[in-house]
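Now for the letters of each chain:
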Amino acid sequence: MSLNLPLFYFTYFTLVFVLSVLMNSLFLKFTRTLGMRKTENVVRWSDVSKPAIGGITFYITFLFSLIVYSLFFAPTEILLHSEILGLLTACTLAFLMGLADDAYDTNPLLKFSTQIFCGIILIYCGIYIQLFQNVYLNYVVTMLWVVGLMNAINLLDNMDAITSIVTLASIVTIISVLLIGKDTGTVFLTLLIGAASSISAFLLFNWYPSKIYMGDTGTQFLGVFMAALSILFLWNASPSAGLFMDTKHILSAILTFSLPIIDTSVVFFNRIIKGTSPFVGGKDHTTHHLHYLGLNEPQIAMIYAGHAGISLLCVITINKYIQEWSLLYFLLFTAYFLISLAAFFVITRLKKKTNVA
């Protein structure tokens, strides 16, 4: 069956956007308590309780994308493709765990164990970082990436629109890399376009002042979804050509998720300096400190959008315009990341926080 792919993807993006708006509107109308935990059990920036239902539409769109791809491209590919089955299984597990956490405030150990199991599923189905000759070392790095990214995205979900903007930019970055490599007509591109459209629709409800949160239902699903896709198309963009040449792909992955990595690293380091547990929630994230300096929520969201946009351009430059990777390019893009990290860290030290958990 011959399809006009640009027209198909544009139509699909529009369809998912409209359906996601309708689904979020319906969920907002009929669901009033999901994710509204007691204030002593959760730390949120806003004191107003709002339903954490945004992630439900992400997962529904994910399943819908698999069905649409099967109908228009390859009816049997999903059932025969171990990587797709692994992605489906891991995303479903992460979604269910996040849904349970939003509804019942589950034990952190259960959440961590589920994240590890998601990583094991991806590895078993062939989705793992292929960086070293030692396969077990690759497995360890993969587990660190999957669990780390799931937690980093979850921790970043601390203010209206922040995680939505950052994850949308990350997905657009991966889509750009696929288009640069002319890797079109695949189930993964369909999944990514569906996710981008669903998050764009969610932003209508999550922009300040938000009506709904994505909750752990959304952050855990998106965490494992983007971890898997980044492994396939950023970390493993081409066969390993030596550790230095592989730094091109490593930097692409790190820059794509620079904001979650930076925020988690800064918070972790600051809490260790203060002698507090890095695993206990608090209003001491980079977003919070920008607010303490006088910025409002929309301004902070725009700062994050700007940084995410610059990182997107960096990854496009690395993959499209730099044909011969050299030490100079490695140092330039590494410097960009380190300067960003230092800048956000300095922001957290400019004014003493008055309400740290």
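Located above this text is the structure these notes cover.
Predicted model, so just to flag it, every value in this text is computed and none were measured. (Residues numbered from 1 in each chain as written. Predicted model: local features only at pLDDT ≥ 70, side-chain atom pairs only at ≥ 80, totals over all residues. Heavy atoms only, no water.)

## What about the overall build of the protein?
Within the protein, the regular secondary structure consists of 14 helices and zero strands. Listing each helix as α and each strand as β along the protein from the N terminus yields α-α-α-α-α-α-α-α-α-α-α-α-α-α. Taken over C-alpha atoms, the radius of gyration comes to 20 Å for the protein, in line with the 21 Å a tight globule of 357 residues would show. Counting the 357 residues in the protein, one finds 54% classified as buried. Counted over contacts in the protein with a minimum sequence separation of 6, partners at least 24 positions apart contribute 79%. Each charge sign in the protein was given a centre, from 18 positive and 16 negative side chains, and these centres are 9 Å apart. (Helix = DSSP H or I, 4+ residues; strand = E, 2+ residues; numbered from the N terminus. Rg over C-alpha atoms; globule rule 2.2 N^0.38 Å. Buried < 20%, exposed > 50% of the residue type's maximum accessible area, 1.4 Å probe, protein only. Contact = heavy atoms within 4.5 Å. Lys, Arg positive; Asp, Glu negative; His and termini not counted. Charge placed at Lys NZ, Arg CZ, Asp CG, Glu CD.)

## Points about helix H5 (residues 108-124)
Over its 17 residues, H5 runs 24 Å from end to end, which matches the ideal 24 Å to within 8%, given 1.5 Å per residue. Summarising the contacts, the buried residues of H5 are in contact with helix H4 (82-104), helix H6 (135-156) and helix H9 (215-235). A side-chain oxygen of the first residue of H5 lies 2.7 Å from the backbone nitrogen of Leu109; this N-cap is Asn107. Looking one or two places after H5, you find Gly126, whose phi comes out positive at around 95 degrees. (Expected span 1.5 Å × (residues − 1). Polar contact = N/O pair within 3.5 Å; in protein donor to acceptor, adjacent residues only side chain to side chain.)

## So, the packing of helix H7 (residues 162-180) against helix H8 (residues 187-206)
Packing of H7 against H8 leaves a shortest axis separation of 9 Å and a crossing angle of 155 degrees. With respect to H8, the axis of H7 lies roughly antiparallel. Remark: the crossing between H7 and H8 carries left-handed chirality. For the pair formed by H7 and H8, the contact residues are Ser164, Ile165, Thr167, Leu168, Ile171, Ile174, Ile175, Leu178 and Leu179 on the first element and Leu189, Leu192, Ile193, Ala195, Ala196, Ile199, Ser200, Phe202, Leu203 and Asn206 on the second. In the contact of H7 with H8, the residues fall into 15 nonpolar, four polar and no charged. (Axes fitted to C-alpha atoms, helices over the stretch in contact; angles between N-to-C directions. Parallel < 35°, antiparallel > 145°, perpendicular 65-115°, else oblique. Left-handed = near helix turned anticlockwise from the far one by under 90°. Nonpolar A, V, L, I, M, F, W, Y, C, P; charged D, E, K, R; others polar.)

Purely geometric stuff here, so don't read any function into it on its own.
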